[in-house]
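Descriptive analysis of the structure
The chain contents come next:
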Amino acid sequence: MHKETAVFCPFAQLALIFVFALCVAAGPANSHVAQITIDSVESPTFGGQSFATVGTYTRISGTFTGKLDPRDPHNMVIVDIDKAPRDAQGLVTYTADFQILKPTNSGRGNHRIVLELPNRGGALILGTLNDSPAGNTKLSAGSAGDGFLMNEGYTVVEVGWDLTAAQGGALFGITLPVAARRDGLPITGPATEELVVDFTTTAASLPLTYPTTSTEPSGASLTVRENYDDTPIPIPSAALPGLDWQYLDAQHVQLTLNGAPVSFGAPGTYSPTALYEFTYVAQNPRVVGIGFASVRDFATFLRDAKTDDEGTANPLAGDVQKIYTFCLSQPCRTTRDFVLLGFNEAE
């Protein structure tokens, strides 16, 4: 990944594409993709469209289970991995979504993967590189657009890595373990959430990244202001008559106006634009750094493995010569950290 840059994106200032150079250490690795579950295969996909000399494409979608050795130096950089639950072999387990868009006849492809880090679970590669009006999702290949990647014979891979994208829907998500104290009790600590409401929008509730330790309102506070440098106004306060807040559940906060639920940004709240800030005591942090390992280990599996631990065949076994990554917006920051922290080196 650090050796070569391939710039063939028309939006080079926004998108980053470069070689995913994994350096495989000698000997078997404890951290690996232990199981892949293929949920659907569509062949041909893209409505049967054929591309140049490559022919048709096949869509393979599913999930995979990864296992990580928390004692391996490659993984010890992951914050709180030492506090994650372990299986009987002492490994940490997670699950993530994946999708493969590959030439139906692998021999006609170019034996190269473009692996996308989805943006908050959403795939952007076909819209960016293929001018596609409808990108791929976990449930669909979308539209091939002008067919650029397919005409060149690339295999497109999506892999879940971002905690904010849940599994089970159209997004590419990941399920991560919860870190806990050595005595098994929850890890707790102060947390702050921000919600920006623009003048054209409203929000029914404020979702919390982590569950609160208590839904008793006295242990939390909500403020609002128009500009970042303004003095925050507490809710409730005399400056905002009738406005208050309540917990919907352990991970959602709702405004009330004169005792009735009301959306953030609705008439009678602090509008038309507002920055809400909610401070509370949170618990059960997830080991989000495992998202880096998810990308690393799935790429390594596709390149090197013949089967998973259960004997399910790697859909790309023996075909992968090079792996490139694609990112747009937030995932590009993730990709830089991926390299900085050494995740471009397989175990």
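Residues numbered from 1 in each chain as written. Predicted model: local features only at pLDDT ≥ 70, side-chain atom pairs only at ≥ 80, totals over all residues. Heavy atoms only, no water.

Observations regarding helix α3 (residues 290-304)
Its 15 residues give α3 an end-to-end C-alpha distance of 21 Å, which sits within 8% of 21 Å, the value for a rise of 1.5 Å per residue. Of all 15 residues that make up α3, 13 are buried, and the element is covered over most of its length. (Helix = DSSP H or I, 4+ residues; strand = E, 2+ residues; numbered from the N terminus. Expected span 1.5 Å × (residues − 1). Buried < 20%, exposed > 50% of the residue type's maximum accessible area, 1.4 Å probe, protein only.)

Observations concerning the pattern of salt bridges
According to the stated counting rule, one finds eleven salt bridges in the structure shown. Among the ionic pairs, Arg59 bridges to Glu42, the shortest N-O distance being 3.4 Å. With Arg59 in strand β3 (residues 57-68) and Glu42 in strand β2 (residues 32-42), this pair connects stretches of sequence that are 17 residues apart. Looking at Arg59, the relative accessible area reads 7%, which means it is buried. Across the salt bridge formed by Lys138 and Asp97, the nearest N and O atoms sit 3.4 Å from each other. Of this pair, Lys138 sits in the loop between α1 (125-129) and α2 (148-151) while Asp97 sits in strand β4 (residues 92-103), and the two are 41 residues apart along the sequence. Each of Asp39, Asp97 and Lys138 takes part in salt bridges that share partners, so that together they form one network. (Salt bridge = Lys/Arg side-chain N within 4 Å of Asp/Glu carboxyl O.)

Topic: a nonpolar patch on the surface
A contiguous nonpolar patch, built from Val77, Leu340 and Leu341 and spanning about 270 Å² of accessible area, is present on the exposed surface. Considering the arrangement of structural elements, one finds Leu341 in the segment after α4 (330-340). (Patch = residues over 30% accessible without salt bridge, like charges linked within 9 Å, V, L, I, M, F, W, Y side chains within 5 Å. Areas by Shrake-Rupley, 256 points an atom, 1.4 Å probe, with all protein chains shown as cover.)

Regarding the packing of aromatic side chains
Aromatic rings in a pair are described by how distant their centres are and how their planes are angled relative to each other. One pass over the full model with this rule turns up 16 aromatic pairs. Here the aromatic rings of Trp245 and Tyr247 are separated by 5.3 Å at their centres, their planes lie at 80°, and the arrangement is edge-to-face. For the pair Trp245 and Tyr247, one class covers both residues: buried. Consider the rings of Tyr247 and Phe278, whose centres lie 5.9 Å apart with planes at 85°: the pair is edge-to-face. Placement of the pair is Tyr247 in strand β12 (residues 243-249) and Phe278 in strand β15 (residues 274-283), with a sequence separation of 31 residues. Phe278 gets classed as buried once you look at its relative accessible area, which sits at 0%. Pairwise contacts between aromatic rings join Phe64, Tyr94, Phe98, Phe298 and Phe301 into one cluster. The side chain of Arg225 reaches across the aromatic face of Tyr228, ending 5.1 Å from its centre. (Phe/Tyr/Trp six-rings, centres within 6.5 Å; stacked < 30°, edge-to-face > 60°. Lys NZ or Arg CZ within 6 Å of the ring centre and 35° of its normal.)

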